[in-house]
Amino acid sequence: MNFEFQNPTRIIFGAGTITRLGEVVSEYGRKALIVTGGGSVKRSGVFDNVVASLKAAGIEYAECSDVEPNPRITSVSRGADIVRAEGCDVIVVLGGGSVMDASKVISAAALYDGNPWDMILHGQEEVYVPTEALPVITVPTLAATGSEVNCGAVITNEETTVKSFIQIPLLYPKVAVMDPELTVSVPKDQTAYGVCDLITHVTESYLNGVDNTPVQDRLAEGVIHTAMEWGPKAIADGNDVEARAQVMWAASVALIGWAQVGTDAPYPVHMMEHTVSAYHDITHAAGLSIINPAWMRFAVKSNTAKYVQFAERLFGLQAKSEGDLDCALEGINRFEEFLRSIDCPTRFSELGITDELFETYAKDTLKIVSDGKGNLPGRPFLSVDDMIEIFRAAL
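Keep in mind that what you see is a predicted model, and the values were worked out from it rather than measured.

Asks: Go over the sheet that holds strand β5 (residues 136–140) with me, naming the residues and quoting the values.
Replies: Spatially, six strands are ordered β1-β8-β5-β4-β2-β3 in an open sheet, and the strand pairing comes out parallel. The open sheet has two edge strands with one neighbour each: β1 (10–13) and β3 (60–64). When strand polarity is set aside, the average angle formed by the axes of neighbouring strands in this sheet is 20°. Here β5 runs beside strand β8 (residues 175–178); their pairing, made up of two bridges, is parallel. Among the inter-strand pairings, I137 is bridged to a residue of β8, identified as V175. Of the strands in this sheet, β1, β5 and β8 touch helix α8 (residues 241–255), which is tilted by about 170° from β1.

Structural data, given as structure tokens:
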């Protein structure tokens, strides 16, 4: 292993911590842009509690609402315009990963005179790398993406049907105020999607990474165990704050960087899913729950021993040898059964997606990430035909 690691985001975690938000924000600015999604934070009363905390600390605010589930570059531009017009100097994010991703890019776009799409990797010759950004305070109301504690953001350009990302240290949130009580109103389906999302973050690095990373493996396995134990409890009883807390923390640990550091892992499942959801605007985790098991079955022969380890440690199976393909495949089956048990889709047909654009998905994915030889990085590397085969297996 060779790596550097730093995560500068301060975490304030626990039930009731939302009352400290105004105190935290006052360390970074005097007027906040509050960024929200479709309105659930107002219906649940979270927005009013946030405003009360900000006002108590003498913080003024402006609003940017209605950020989409797959956040669009137009929403980023809109948010940046509001920052400039209102003179905001700090951004407060209330919502899930989509709202947090948009807000990170808004924080840099507000200080950039050009098109914010310049910052998003989409095959252009020169990517604009921002050098300044407003401070961002994240307040997750959904446990899923870990975006509250990392420096990545995924944005969709609805005009070009491209969904891609930016990932630079400048975009780390300054503080994450994580109050599991804010997630009790999340419906069952979105809770389940969050569980799938967080698990996929660690299966990507676990199964695509370099060999001999035992600490990272155990971290990843611990995240998956926790999600599989506490996720169904949170789905069954949304008011179970302890279950909500465990899932919230698992989601953050899944992508805070600990399980990924030193693995040097690409994320082929995410790259393929981004393309699919750019065309169909489906929930990101729904796409992951379909593609991930299909990709695993395709990739299993390239790294069988790791899949055997996955099967033994996560599902208690007993392999005949570290190359026991039957055991490895049974582990994948058990994982897919878990996804079905929490009502996540595992076939494209469940979402009304046909095979009409499979070749387009594959080719478009390579426009975003490629090894320069027409392959998507992963373990194994995937050609266009390989990706089509995976998509067909998930049909």
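Asks: Which residues make up the pattern of salt bridges, and what are the values?
Replies: With the rule as written, the count across this model stands at 17 salt bridges. The residue E273 makes a salt bridge to K163 at a minimum N-O spacing of 3.9 Å. With E273 in helix α9 (residues 268–280) and K163 in strand β7 (residues 162–167), this pair connects stretches of sequence that are 110 residues apart. When its relative accessible area of 0% is taken as the criterion, E273 is described as buried. E336 is paired through a salt bridge with R297; the nearest N and O atoms lie 2.9 Å apart. Residue E336 is located in helix α12 (residues 325–341), and its partner R297 is located in helix α10 (residues 284–299); the two are separated by 39 residues in the primary sequence. With relative accessibility at 3%, the residue E336 sits in the buried group.

Asks: Describe the packing of aromatic side chains, with residues and values.
Replies: The description of an aromatic ring pair rests on the distance of the ring centres and on the angle between the ring planes. On inspection of all chains with the given rule, the structure shows 13 aromatic pairs. Ring centres of Y279 and Y361 lie 5.9 Å apart, and the angle between their planes is 55°; on these two criteria the pair is classed as tilted. A residue pair is termed long-range when its members are at least 10 positions apart, and Y279 in helix α9 and Y361 in helix α13 (residues 358–368) qualify at 82 residues. The class for Y279 is partly exposed, based on a relative accessible area of 31%. Centre to centre, the rings of Y361 and F391 are 5.5 Å apart; their planes meet at 85°, and the pair counts as edge-to-face. With Y361 in helix α13 and F391 in helix α14 (residues 384–393), the pair connects residues that are 30 residues apart, well separated along the chain.

Criteria and thresholds
- Residues numbered from 1 in each chain as written.
- Predicted model: local features only at pLDDT ≥ 70, side-chain atom pairs only at ≥ 80, totals over all residues.
- Heavy atoms only, no water.
- Pairing = 2+ DSSP bridges.
- Helix = DSSP H or I, 4+ residues; strand = E, 2+ residues; numbered from the N terminus.
- Axes fitted to C-alpha atoms, helices over the stretch in contact; angles between N-to-C directions.
- Contact = heavy atoms within 4.5 Å.
- Salt bridge = Lys/Arg side-chain N within 4 Å of Asp/Glu carboxyl O.
- Buried < 20%, exposed > 50% of the residue type's maximum accessible area, 1.4 Å probe, protein only.
- Phe/Tyr/Trp six-rings, centres within 6.5 Å; stacked < 30°, edge-to-face > 60°.

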